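# Breakdown of the fold
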Amino acid sequence: MRGDALTTINPTAMIKPHRKITGISAILLPFKDTGGIDWPGLAAHVRRTAEAGLTPAVNMDTGFANLITEEERQMVLRATRCALAGGKFVAGAFVADKPGDPFDADAYFRQVENIQSQGGTPIIFQSYGLTQQHGADIIRSYETVGAKTDKFIAFELGKMFADFGAIYDLDTYRGLLSVARCIGAKHSSLSRQLEWERIALRDAVRPDFKVFTGNDLAIDMVIYGSDYLLGLSSFVPDLFAQRDAMWLGGDPGFYQLNDIIQYLGFLAFRPPVPAYKHSAAQFLKLRGWIGSDRTHSDSPTRPTSDIEILRDIAARMGVLKER
């Protein structure tokens, strides 16, 4: 299946009823009013996410992976392992570089080793050195990193999220499917069409490969065959798990629950998109799950007027903390 053949995709025919959905939730890294990381809040959120049935993902964009220090990233890994008592989790392998820098395999090796030593599965963040290569070189880079892993997840990230991100062409994506230790890839273009194309290609070439939607503006992509690795699920991991069970069981309530969660996503992921992390902090504070809605000092914020809108959404969902 070549790229030009994918323009005839019929999404309706792709719907997969009664499918078991794999959910990975990008954990918000909470902060205290004083500005430091809220370590007890992080541990509690990691545990409740796992208890809901989703796999926690730390050191992702939702965890300010590109803003916190390397020492803090390592502390997050250790705190996650401790909170889960050996339970499974995934974590971002982030390499900080600059435009024009070459691909730094050794830096990725160190990140992968750190994650695996704590029992996690690496998610290979993009970097300038990775994405500024040609397609065949990008695939060779993944193969190089993959040789140091048991398994890993790749990551396509649109530039609305990070300047170093890139969405690969379909020929490069096909090459990614050939990397044996790559078990899936998170796709964050916010484009249904591009994601449908990846699902169709996956179905034709490697059915066991996971297309993890990162489209917080179209969380129903799971009905077409995507799984998910979302920041929005950090707001309501319990409701995502409930929604997923409804799809598996053929419960039409899936659609109503999906709609109210998507309403929350439209509000939280409006421009500037990175400010969704402040929306998450505001919402989790309303739920009584964290004590402060402060976020990283270098991350954009939302107006306080959003809080009453979020309160209304939480009330509609039935998750508002009692005053």
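Residues numbered from 1 in each chain as written. Predicted model: local features only at pLDDT ≥ 70, side-chain atom pairs only at ≥ 80, totals over all residues. Heavy atoms only, no water.

### Describing helix α10 (residues 253-268)
Its 16 residues place the ends of α10 23 Å apart at the C-alpha level, agreeing with the 22 Å of an ideal helix rising 1.5 Å per residue. Here the buried face of α10 lies against α9 (237-249), α11 (276-286) and α12 (306-317). (Helix = DSSP H or I, 4+ residues; strand = E, 2+ residues; numbered from the N terminus. Expected span 1.5 Å × (residues − 1). Contact = heavy atoms within 4.5 Å.)

### Observations regarding the packing of helix α2 (residues 39-52) against helix α3 (residues 70-84)
At a closest axis distance of 9 Å, the pairing of α2 and α3 adopts a crossing angle of 50°. In terms of their interaxial angle, α2 and α3 are classed as oblique. The crossing of α2 and α3 is right-handed. Across from W39, L42, A43, V46, R47 and A50 in α2, the residues of α3 making contact are E72, M75, V76, A79, T80, A83 and L84. Here the residues of the contact of α2 with α3 are counted per class, giving 10 nonpolar, 1 polar and 2 charged. (Axes fitted to C-alpha atoms, helices over the stretch in contact; angles between N-to-C directions. Parallel < 35°, antiparallel > 145°, perpendicular 65-115°, else oblique. Left-handed = near helix turned anticlockwise from the far one by under 90°. Nonpolar A, V, L, I, M, F, W, Y, C, P; charged D, E, K, R; others polar.)

### Comments concerning the confidence of the model for the chain
On average, residues of the chain score 95 in pLDDT, and 97% of them are at 70 or above. Of the regions scoring below 50 in pLDDT, residues 1-5 engages in 8 contacts with residues more than four places distant in sequence or in other chains. (pLDDT = per-residue confidence, 0-100.)

### So, the nonpolar core
Among the nonpolar cores identified, the biggest contains 107 residues, and Y142, Y173, F240, I261, F283 and M317 are the most heavily contacted of them. The element that contributes the greatest number of residues to this core is α10, accounting for 7 residues. (Core = buried A, V, L, I, M, F, W, Y, C linked by side-chain atoms within 4.5 Å. Buried < 20%, exposed > 50% of the residue type's maximum accessible area, 1.4 Å probe, protein only.)

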